[in-house]
Amino acid sequence: MTTTALSPAASIARTSFRNVLSGLINCGYKSSSISCARQLLSSTTSRHAPESASARFASTTPQKIGCSNFSSSPTSSASSSALEPRKDALTSSDGVVGYPIDFDIASSVEGKESQIVTIRLEPNQILRAESGAMMYMTHGVQMNTTAGGGLSSGFKRMLTGQNVFISDYSYDRSRGPYGYVALGTDFPSKIVRINLEEYGGKVICQQGALLCASHTVDVNVEFTKKFSAGFFGGEGFVLQGLSGKGDVMVKAGGSLIRKDLKEGEVLRISSGCLVGFQEGVEFDVQMVPGFKNVLFGGEGLFMTTLTGPGTVWLQGQPPQRMISEIARRVPSGGIGLAVPIPGMGGSGSGGEGGDGGGGESTSGSS
């Protein structure tokens with residue numbers, strides 16, 4: 001078998017094509033594209049025409065030589081650019097890493113008197129919510145329940161009215177680009193979204209006000225600055241401090257209003273109507289003026305005062321007030337009288353039935 005000697009130009013062209021072929025293989029081009037390159041290499045070697053080979057290598061593109069499946073960019077390069085990690089990932093205080101959620105477009109509050117919130121999740125986004133608040137989640141959304149930094153952090157949250165454990169929701173992209181999580185409240189409530197960065201990075205709320213938040217939001221214990229405010233303010237000595245970067249969803253009973261206080265402006269509210277206030281607002285109590293107001297006004301001996309500057313959120317139906325009203329209307333004549341029986345009427349008719357039963361028994365015995 002004899003071999004034909006190639007001219008120097010043809011040898012250079014063949015070497016160049018071999019280098020191109022090796023680059024294609026290393027970059028992950030399709031097999032059809034590599035076959036086209038091999039055909040071009042063999043045709044160039046058989047012709048061993050220096051001028052045509054070097055000219056074709058210099059000026060001809062793969063599309064012009066009949067390789068329609070030849071892609072100008074490798075498949076692996078496209079996939080790697082699509083999966084290229086974002087640079088805005090944030091780490092929480094307990095080490096959870098995730099992308100921030102844009103609540104402006106990813107959250108939706110539905111309902112009137114009793115509301116729910118639906119959060120749209122993208123891959124690698126983390127939503128941190130109160131355990132037990134989940135209403136539904138779509139396929140591909142995963143829930144991870146932890147103590148959120150250990151038992152000490154869980155105990156600290158418990159002091160602020162939250163549960164010891166929290167649930168982190170994430171989406172694995174198994175069913176489309178988005179996953180959805182819907183959260184509800186344990187009491188008929190309105191839901192308000194608060195961006196912490198717009199209020200100095202910290203908001204102080206009543207106990208148990210948090211529904212869900214960004215994974216970078218921390219729940220801290222806030223103590224009332226004055227003993228009288230903690231004892232008579234209707235919120236207790238411990239409040240809930242929400243700080244960090246991101247948004248929070250806070251629940252409030254009944255109608256929800258927002259008031260922006262100016263410097264030195266004082267707002268007096270009924271005890272228990274406070275949902276939250278911006279850091280910088282002074283929280284205190286004062287006595288209700290007037291003896292008749294104290295006895296017959298229905299507000300008790302003290303009322304809460306909020307002094308600006310800052311923003312406060314108020315609720316029209318505090319849960320404790322509604323619970324107290326329900327408990328006040330429950331009959332206290334015993335278990336049998338407290339449970340209504342169909343056809344027997346209320347507690348008054350029950351008492352009459354008891355007396356009538358007693359009369360029948362007496363006449364029977366006589």
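Each remark here, short or long, concerns the structure printed above.
What you see is a predicted model, and the numbers here were worked out from it, not measured in a lab.

Definitions and cut-offs
- Residues numbered from 1 in each chain as written.
- Predicted model: local features only at pLDDT ≥ 70, side-chain atom pairs only at ≥ 80, totals over all residues.
- Heavy atoms only, no water.
- Helix = DSSP H or I, 4+ residues; strand = E, 2+ residues; numbered from the N terminus.
- Buried < 20%, exposed > 50% of the residue type's maximum accessible area, 1.4 Å probe, protein only.
- Contact = heavy atoms within 4.5 Å.
- Areas by Shrake-Rupley, 256 points an atom, 1.4 Å probe, with all protein chains shown as cover.
- Pairing = 2+ DSSP bridges.
- Axes fitted to C-alpha atoms, helices over the stretch in contact; angles between N-to-C directions.
- Polar contact = N/O pair within 3.5 Å; in protein donor to acceptor, adjacent residues only side chain to side chain.
- Salt bridge = Lys/Arg side-chain N within 4 Å of Asp/Glu carboxyl O.
- Patch = residues over 30% accessible without salt bridge, like charges linked within 9 Å, V, L, I, M, F, W, Y side chains within 5 Å.
- Phe/Tyr/Trp six-rings, centres within 6.5 Å; stacked < 30°, edge-to-face > 60°.
- Lys NZ or Arg CZ within 6 Å of the ring centre and 35° of its normal.

Some points on the overall build of the protein chain
And then number 1: Along the backbone of the protein chain there are 11 helices and 21 strands.
And then number 2: The burial tally for the protein chain puts 37% of its 366 residues in the buried class.
And then number 3: Counting only contacts in the protein chain whose residues sit at least 6 apart along the sequence, the fraction spanning at least 24 positions is 74%.
And then number 4: Here the protein chain has roughly 20700 Å² of accessible surface; of this, 56% comes from carbon and sulfur atoms.

Let's talk about unusual backbone geometry
And then number 1: Backbone torsion omega between glycine 308 and proline 309 reads 15 degrees, so that peptide bond is classified as cis.
And then number 2: Within the element layout of this structure, proline 309 appears in the loop between β20 (302-307) and β21 (310-315).
And then number 3: Of note, asparagine 124 is a non-glycine position whose phi angle comes to about 70 degrees, a positive value.
And then number 4: With respect to the helices and strands, the residue asparagine 124 is situated in the loop between β4 (116-121) and β5 (127-130).
And then number 5: Backbone geometry at arginine 173 places phi at a positive 65 degrees, although glycine is not the residue there.

Regarding the pairing of strand β3 (residues 107-110)
And then number 1: Both β3 and β4 contribute to a ladder of 4 bridges, which runs antiparallel. For serine 107, the partnering residue across the bridge sits in β4 and is isoleucine 119.
And then number 2: Hairpin connection, β3 to β4: the antiparallel pair is bridged by 5 residues, and glycine 111 has positive phi, about 100 degrees.

Overview of the sheet that holds strand β19 (residues 282-287)
And then number 1: Strand order in the open sheet made by the 3 strands is β17-β20-β19, with antiparallel pairing throughout. At either margin of the open sheet sits one strand with a lone partner, and together these are β17 (266-269) and β19. With direction set aside, neighbouring strand axes in the sheet form an average angle of 30 degrees.
And then number 2: Across 6 bridges, β19 lies against β20 in antiparallel orientation. What sits directly across from glutamine 286, in β20, is methionine 303.

Here's the deal with the environment of leucine 127
And then number 1: With respect to the element layout, leucine 127 can be found in strand β5.
And then number 2: Since its relative accessible area comes to 0%, leucine 127 is described here as buried.
And then number 3: Through-space distance from the C-alpha of leucine 127 to that of proline 100 is 8.9 Å; in sequence the pair is 27 residues apart.
And then number 4: Discounting residues that sit within four places of it in the chain, leucine 127 has contacts with Ile101, Phe103, Ile119, Leu121, Ser167, Asp168, Tyr169, Leu183, Cys212 and Ala213.

Details of the side chain of glutamate 222
And then number 1: When you line up the elements, glutamate 222 lands in strand β13 (residues 217-223).
And then number 2: A distance of 2.4 Å separates the side chain of glutamate 222 from the side chain of lysine 202, its partner in a polar contact.

Topic: the environment of glutamine 206
And then number 1: Assignment of secondary structure puts glutamine 206 in the loop between β11 (202-205) and β12 (210-214).
And then number 2: Taking relative accessible area as the criterion, glutamine 206 reaches 12% and is therefore assigned buried.
And then number 3: C-alpha of glutamine 206 to C-alpha of cysteine 273: the two residues are 67 residues apart in sequence and 9.4 Å apart in space.

A short note on the pattern of salt bridges
And then number 1: Following the criterion strictly, the structure yields 11 salt bridges and no others.
And then number 2: Across the salt bridge formed by arginine 128 and aspartate 94, the nearest N and O atoms sit 3.1 Å from each other. Taken as a pair, arginine 128 in strand β5 and aspartate 94 in the loop between β1 (90-91) and β2 (97-98) lie far apart in primary sequence, 34 residues in all.
And then number 3: For aspartate 260, the salt bridge identified is with arginine 258, shortest N-O distance 3.2 Å.

Concerning a nonpolar patch on the surface
And then number 1: On the surface, a nonpolar cluster with roughly 630 Å² of combined accessible area is contributed by Met134, Met135, Tyr136, Met137, Met143, Tyr178 and Tyr180.
And then number 2: Among the elements that make up the nonpolar patch, the one with the highest residue count is strand β6 (residues 134-137) (4 residues).
And then number 3: A residue is classified by how much of its surface remains accessible, and tyrosine 178, at 33% relative accessible area, is partly exposed.

Remarks on the pairing of β11
And then number 1: Both faces of β11 are covered, namely the face carrying Lys202 and Ile204 and the face carrying Val203 and Cys205.
And then number 2: Both β11 and strand β14 (residues 238-244) contribute to a ladder of 4 bridges, which runs antiparallel. When the sheet's bridge partners are listed, cysteine 205 is paired in β14 with glutamine 240.
And then number 3: Across 3 bridges, β11 lies against strand β18 (residues 274-278) in antiparallel orientation. Along β18, the bridge assignment pairs isoleucine 204 with phenylalanine 277.

A look at the packing of aromatic side chains
And then number 1: Taken as a whole and assessed by the stated rule, the structure comprises 2 aromatic pairs.
And then number 2: Plain terms: the ring middles of phenylalanine 277 and phenylalanine 283 are 5.9 Å apart, the flat faces sit at 15 degrees to each other, and that makes the pair stacked.
And then number 3: Taking the ring centre of tyrosine 178 as reference, the NZ or CZ of arginine 120 above it sits at 4.2 Å.

Re the environment of glutamate 263
And then number 1: Locating glutamate 263 in the fold gives a position in the loop between β16 (256-261) and β17.
And then number 2: Judged by its relative accessible area of 66%, glutamate 263 falls in the exposed class.

Taken by themselves, the reported measurements are silent on function.
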